[in-house]
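Per-entry structural report
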Amino acid sequence: MRSALLLSLLLAAVSPDPHGLVDDLFSSDAAVRAKARDALIAKGDLTLAPALVDSVFFNTHGRVETVAVLEQLLGERHGTSWKPWIEAIGRREELTPAPGYIAFKAKLFAKLDPAFARFLREDAPRTIRAEEIVWGGVKKDGIPALDRPKMIERAPWLLDDDPVFGVVIDGDARAYPQRILAWHEMLNDVVGGRAVSLSYCTLCGAAILYDGRASDGRTYTFGSSGLLYRSNKLMYDRQTETLWSQLTGEPVFGALVKKKLAPLTVLPLTFTTWREWRAMHPKTRVLSLETGFVRDYSSGAAYSKYFSSPDLMFPVWKKAPAALANKEWVLVVPDGATRRIYPIDDLERLGVVHDGDLVLVGERVYRREGQRLRRDGADLVDESGQRFTITEEALVSSSTQLPRVAAHRAYWFGAAAFYPGAKVWQPE
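Procedures and definitions
- Residues numbered from 1 in each chain as written.
- Predicted model: local features only at pLDDT ≥ 70, side-chain atom pairs only at ≥ 80, totals over all residues.
- Heavy atoms only, no water.
- Buried < 20%, exposed > 50% of the residue type's maximum accessible area, 1.4 Å probe, protein only.
- Helix = DSSP H or I, 4+ residues; strand = E, 2+ residues; numbered from the N terminus.
- Phe/Tyr/Trp six-rings, centres within 6.5 Å; stacked < 30°, edge-to-face > 60°.
- Lys NZ or Arg CZ within 6 Å of the ring centre and 35° of its normal.
- pLDDT = per-residue confidence, 0-100.
- Contact = heavy atoms within 4.5 Å.
- Core = buried A, V, L, I, M, F, W, Y, C linked by side-chain atoms within 4.5 Å.

1. Things to note about helix α4 (residues 49–58)
- Summarising burial for α4: nine of the 10 residues are buried, a large majority.
- Buried residues of α4: Ala49, Pro50, Ala51, Leu52, Val53, Asp54, Ser55, Val56 and Phe58, and no others.

Below, the structure written as structure tokens:
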């Protein structure tokens, strides 16, 4: 017992906490902060930069001293604004933080919510850079998920032009109004007998319907962690508290990373107006206002300023190519291990788009068999005159069905940050 204690003391003396000086920058004593600043500048240890960037956000006493160290280490000047410093760290993908960095970060984040420390564990396997994880402004489940919410047959309070996310599985048609989902961003439900999770990242504009059953055969339900990665929400599963990427449907930080799960299966989801959805699916059910939470569910009450602004709210260092504006809408089609991306303005202007084995009818995507299709009223017609009816699950003719392919919309900056090698379709 005595020898073990002596060994631990010796190791502490030989290997002191590399973040000790960074901790000193939080001191209320100006002399302590100045000494730590000078020592950190003299040390010139670039591996401490991630911890210093987090300190810019959390430090109330020593922000100026912290920035002075960062300016020396990174050779950049951004003042006391933490967002450009996060982007500066993001651009240095080769940088490995000093040992103990995640524990340091967890200690800071635990001041906001102790639950964050359970997500940010030093020993947790991960596929993303912890230094790019930022706080989204709410605690864990501060944006509460809806679980098996009440569905109703009539919704006279919904306006015809209100956007809805429409789902049909095995004949079960449901509409989830955006004006409700924007307050919750996560919905776990059972549609047509299938467990699904509808995850909506308002920041990057992506609403994605995932099959709740993962490749390990287990069904997971999800909540909002309160944390972000490149302005995209990190959702978490309630079974293991592993963090998942909302845009890719993969576990990225926590126990499930070791299982090397395949990405969650994306299911077809239709973004349209209540008028159009109800016309196509007169027997649809719709999400009730009785969610169990008190929110202003009126049209435009949530995020309207953000949706109408060209600006981003959180740092994203992987800048989108200038071909499209940051918040231009694109349709993302997961296609095996790759993604295909289509500017939605082009899809709406052209009506029907052919791209390889796909045919896109607005934002609905189908797998074709070589047919060239054109609009004819509410239907599509091929070269032989064969008529296809547009449904949520397939293009249906008297002799064949062209199956629906899952897709989702997103802002261009989000698609560019997470799918940098994706092909962006351009009109001929």
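2. Structural notes on the packing of aromatic side chains
- Considering all chains together, one arrives at 17 aromatic pairs under this definition.
- Consider the rings of phenylalanine 165 and phenylalanine 271, whose centres lie 5.2 Å apart with planes at 45 degrees: the pair is tilted. Here the residue phenylalanine 165 occupies a position in strand β4 (residues 163–169), and phenylalanine 271 occupies one in strand β14 (residues 270–273), the gap between them amounting to 106 residues.
- A ring pair is formed by tyrosine 306 and tyrosine 411, whose centres lie 6.5 Å apart and whose planes are at 70 degrees; its orientation type is edge-to-face. Here tyrosine 306, found in helix α11 (residues 304–308), pairs with tyrosine 411, found in strand β26 (residues 408–411); they are 105 residues apart in sequence, far enough to count as distant.
- Taken together, Phe57, Phe58, Trp82, Phe109, Phe116 and Trp135 form an aromatic cluster joined through their ring pairs.
- The ring of tyrosine 306 is capped by lysine 327, whose NZ or CZ atom sits 3.3 Å from the centre of that ring.
- The ring of tryptophan 329 carries the charged tip of arginine 409 above its face, separated from the ring centre by 4.5 Å.

3. Here's the deal with the confidence of the model for the chain
- Predicted confidence across the chain gives a mean pLDDT of 93, with 96% of residues reaching 70 or more.
- Contacts from residues 4–15, a stretch scored under 50 in pLDDT, to residues over four places away or in other chains number zero contacts.

4. Thoughts on the side chain of glutamate 131
- Along the chain, the position of glutamate 131 falls in the loop between α8 (114–119) and β1 (133–135).
- For glutamate 131, a relative accessible area of 7% translates into the label buried.
- Every residue in contact with glutamate 131, bar those within four places of it in the chain, is listed here: Pro50, Ile86, Ile89, Leu95, Pro97, Tyr101 and Lys105.

5. Some words on the nonpolar core
- Formed by 81 residues in total, the largest nonpolar core has its most connected members in Leu52 and Phe253.
- Sequence-distant contacts of leucine 52, defined by excluding residues within four places in its chain, comprise Val22, Leu25, Leu40, Thr66, Val69, Leu70 and Leu73.
- Ranked by size, the runner-up nonpolar core spans 21 residues in total, among them Tyr176, Leu181, Leu267 and Tyr297.

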